[in-house]
Amino acid sequence: MYDYLIVGSGLFGAVFAHEAKAKSCLVLERRGHAGGIVYCEEKDGINIHKYGAHIFHTSYKEVWEYVNRFVEFNNYVNSPVANFRGELYNLPFNMNTFTKLWPEVRTPAEVAAKIEAERREAGIGEPRNLEEQAISLIGRTVYEKLIKGYTEKQWGRSCTELPAFIIKRLPVRYTFDNNYFNDRYQGIPVGGYNKLIDALLEGIEVRLNTDYLKDKAAFDKLAAKVVYTGPIDEYFGYELGKLEYRGLRFETERLEEENHQGVAVMNYTAREVPYTRIIEHKHFEFGTQPVTYVTREYPATWQPGEEAYYPVNDDRNQALCQRYQELAAKESNVIFGGRLAEYKYYDMDDVIKSALEKVVVVCG
Ligand code: UDP
């Protein structure tokens, strides 16, 4: 008999298992490897972010110190480049972007005046959706070249039907600063994310290729408590209906060249290009191999059973999620945590923070 049966070996499950180590834990993992979607596959000495690029960034000192106990982080700073029909712009939106978009503009004050003029022209009051939020924040030119196409591809719906908060993730800066994130700490684990996951799970029993929900009653008998990190609706057999996700499809290619695009992340912001970004993985770790791997990332409609990536944050899904959470609260021996069980657009640091807090509450 174990104290905890942990379902899922992604960041939430791995951190929980590590912290609960004084108790006995069994981790079940549906996939053939641990690590959930931060898992990397190594080829030619390059760590390929198999389920999408992950860049660790945080302002929580305690979380940064925590992850650094398990693996060293490099000094990678994410500075993606946007490609709009062959025109290249720095991201996030900053003085480098603005002076290239509007060559007549030189100073922060001139940029502010330009954005203000575009905002006034659009005549937007209190923003009611992502389009209005974007135009009022940054003006119509940036919206049309760098936001509209990308966002509509990414989410499969019009910017007028999307909530404003999605782009609040993106900084707008009046300095020449191409660092995508505002956070205090940033980097990629040296040797890839598997090092972090393996260190967290060291000494803990993990059963791979094991689907908890297929044999739930039998597995439940193995432990006093369950920590469930899978999709919340699937746990309840979809009894209230299905939560929707945005899916992704990845096309990875090995190229016989040392440096293909000169940057880890290039966003393709025009609507007619079917992918949203091309990742060149070696640049996350400053690789010098003679070959390179690039991945084209295509947003996709999602069907249950497929890899679930982004929760769809609209009213219907939020309301449904709320009802599932009410059911979850009644499952007295089950702790629900992580991106899929909480149906949240989570960054890695928030997942870790939430696991650290949860484990203290339940294990003391
Ligand atoms: N976004 C955009 N243009 C870009 C990059 C991002 O309009 O070139 C918007 C888009 O709506 C996206 C959101 O900003 O969904 C968040 O982007 P981020 O890169 O933070 O998302 P993630 O890396 O989590 O996919």
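The name that an unreviewed UniProt entry assigns to the protein chain is Putative UDP-galactopyranose mutase, with the source organism given as Selenomonas ruminantium subsp. lactilytica. Heading Sequence similarities (unreviewed entry) of the UniProt record for the protein chain holds this comment: "Belongs to the UDP-galactopyranose/dTDP-fucopyranose mutase family." Annotation of the protein chain in UniProt includes, under Cofactor (unreviewed entry), the sentence "FAD".

**Q** Whenever I open this one, the pattern of salt bridges confuses me. Can you help?
**A** Scanning all chains against the criterion turns up 28 salt bridges. Between Lys50 and Glu41 there is a salt bridge, and its shortest N-O distance comes to 3.8 Å. Residue Lys50 is classed as partly exposed on the basis of its relative accessible area of 34%. Measuring nitrogen to oxygen at the nearest pair gives 3.1 Å for the salt bridge that ties Arg277 to Glu297. Of this pair, Arg277 sits in strand 13 (residues 277–280) while Glu297 is found in strand 14 (residues 292–300), placing the two residues 20 residues apart along the sequence. Connected via shared salt-bridge partners are Arg30, Asp211, Lys214 and Glu234.

**Q** Teacher, can you tell me more about helix 4 (residues 108–122) here?
**A** Since one α-helical turn is 3.6 residues long, residues separated by three or four positions face the same way. For helix 4, spanning 15 residues, the distance from its first C-alpha to its last is 21 Å, which sits close to the expected 21 Å at 1.5 Å a residue. Every buried residue of helix 4 is listed here: Val111, Ile115 and Glu118. With its buried residues spanning 60° around the axis, helix 4 presents them on a single face. Across from the buried face of helix 4, at angles greater than 90 degrees, the exposed residues are Ala109, Arg120 and Glu121. In the core, the buried residues of helix 4 are packed alongside helix 3 (95–101), helix 5 (130–138) and helix 6 (140–155). Directly beyond the C-terminal end of helix 4, a positive phi value near 65° is found at Gly123.

**Q** What's the story with the sheet that holds strand 12 (residues 265–268) in this structure? I'm lost.
**A** Across a sheet, paired strands are connected by hydrogen bonds in the backbone, their directions being either parallel or antiparallel. What the 7 strands build is an open sheet, ordered 7-6-12-13-14-11-15; its pairing is mixed. Looking along the sheet, the strands with just one partner apiece sit at the ends: strand 7 (87–90) and strand 15 (310–311). Looking at chain direction, strand 6 (residues 81–84) and strand 12 are connected through 3 bridges and run parallel. Residue pairing for strand 12: Asn83 is matched across the bridge by Tyr268. Contacts from helix 6 reach strand 6, strand 7, strand 11 (245–255), strand 12, strand 13, strand 14 and strand 15, with the element oriented near 90° to strand 6.

Reading guide: rules and limits
Each chain has its residues counted from 1, running along the sequence as written. This being a predicted model, a pLDDT of at least 70 is required before a residue's local features are given, and a value of 80 or more before pairs of side-chain atoms are given or counted; all residues contribute to the totals for chains, interfaces and linings. The basis for every side-chain value is the complete set of heavy atoms in the structure, and neither hydrogens nor water enter the calculation. UniProt positions are given in the numbering used here, feature names are shortened, and annotations may be inferred rather than shown by experiment. Whenever a carboxyl oxygen of Asp or Glu lies within 4 Å of a side-chain nitrogen of Lys or Arg, that contact is scored as a salt bridge. Relative accessibility thresholds used throughout: buried, under 20% of the residue-type maximum; exposed, over 50%; partly exposed, between the two (1.4 Å probe, protein chains only). Only runs of H or I of at least four residues qualify as helices and only runs of E of at least two qualify as strands under DSSP, and these elements are numbered from the N terminus. Here a helix's expected span is defined as the number of its residues, less one, multiplied by 1.5 Å. What the arc describes is the spread of directions from the helix axis to the C-beta atoms. Contacts between residues were defined by any pair of non-hydrogen atoms, one from each residue, lying within 4.5 Å. Whether two strands pair comes down to DSSP finding at least two bridges between them. In this analysis an axis means a line fitted to C-alpha atoms, helices contributing only their contacting stretch, and an angle means the value between N-to-C directions, from 0 to 180 degrees.

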